[in-house]
Amino acid sequence: MTTTPSRRTRLVQRSSSLLVRCRTRIRNHVEAHRAGTPQSIQRSIAIARFSVYGNLAMSAWKLGLTVVSPSLFLFVNGFFTVGLAGAKVLAIRARPVTPNRRPAAVRE
């Protein structure tokens, strides 16, 4: 006599296999990111470059709003956002584009 697994058993088996597949995909993605595949590095640098423009636009908006409605908090926050954009620019410039190129900050 063959017994078929209950509905709950089949659901648990399916969910556990799905969990194993998700863990494997996440592990592979993390290992690829740690290995620094050129594609993931270039994507991260591109996102950082675009976010600099977003930070500058946000800081302009905050500083403009400070003129309309004077607020010390907005004034300081606007300049802090400018500092964040500057830090991102420095980080992007320090990162070599290719493995053979030295960072701009280290070159003689």
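Owing to the predicted nature of the structure, the values given are computational and were not obtained by experimental measurement. (Residues numbered from 1 in each chain as written. Predicted model: local features only at pLDDT ≥ 70, side-chain atom pairs only at ≥ 80, totals over all residues. Heavy atoms only, no water.)

**Student:** So what's going on with the overall build of the protein? Residues and values would help.
**Tutor:** Helix and strand content of the protein: 3 helices and 0 strands. Starting at the N terminus, the α and β elements of the protein follow one another as α-α-α. Classification of the 108 residues of the protein by burial places 11% in the buried group. Across the protein, the fraction of contacts at a sequence separation of at least 24, relative to all contacts at a separation of at least 6, is 41%. As displayed, the protein has an accessible area near 9,100 Å², and 65% of this comes from carbon and sulfur atoms. (Helix = DSSP H or I, 4+ residues; strand = E, 2+ residues; numbered from the N terminus. Buried < 20%, exposed > 50% of the residue type's maximum accessible area, 1.4 Å probe, protein only. Contact = heavy atoms within 4.5 Å. Areas by Shrake-Rupley, 256 points an atom, 1.4 Å probe, with all protein chains shown as cover.)

**Student:** I'd love a proper account of the packing of aromatic side chains, names of residues and values included.
**Tutor:** Tallied over the entire structure, the rule returns 1 aromatic pair. Plain terms: the ring middles of Phe-75 and Phe-79 are 5.0 Å apart, the flat faces sit at 75° to each other, and that makes the pair edge-to-face. Of this pair, Phe-75 and Phe-79 both sit in helix α3 (residues 72–94), 4 residues apart, which is roughly one turn of that helix. The class of Phe-75 is partly exposed, set by a relative accessible area of 40%. (Phe/Tyr/Trp six-rings, centres within 6.5 Å; stacked < 30°, edge-to-face > 60°.)

**Student:** An account of the side chain of Thr-66 is needed here, citing residue identities and associated values.
**Tutor:** Relative to the helices and strands, Thr-66 resides in helix α2 (residues 38–68). Leave out the neighbours within four places in its chain, and Thr-66 touches Ser-71, Leu-74 and Phe-75.

**Student:** Report on the side chain of Thr-81, specifying residues and quantitative values.
**Tutor:** Locating Thr-81 in the fold gives a position in helix α3. Overall, Thr-81 belongs to the buried group, its relative accessible area being 5%. Side-chain polar atoms of Thr-81 contact the backbone oxygen of Asn-77, separated by 2.9 Å. Discounting chain neighbours no more than four positions away, the residues touching Thr-81 are Asn-55, Met-58, Ser-59 and Lys-62. (Polar contact = N/O pair within 3.5 Å; in protein donor to acceptor, adjacent residues only side chain to side chain.)

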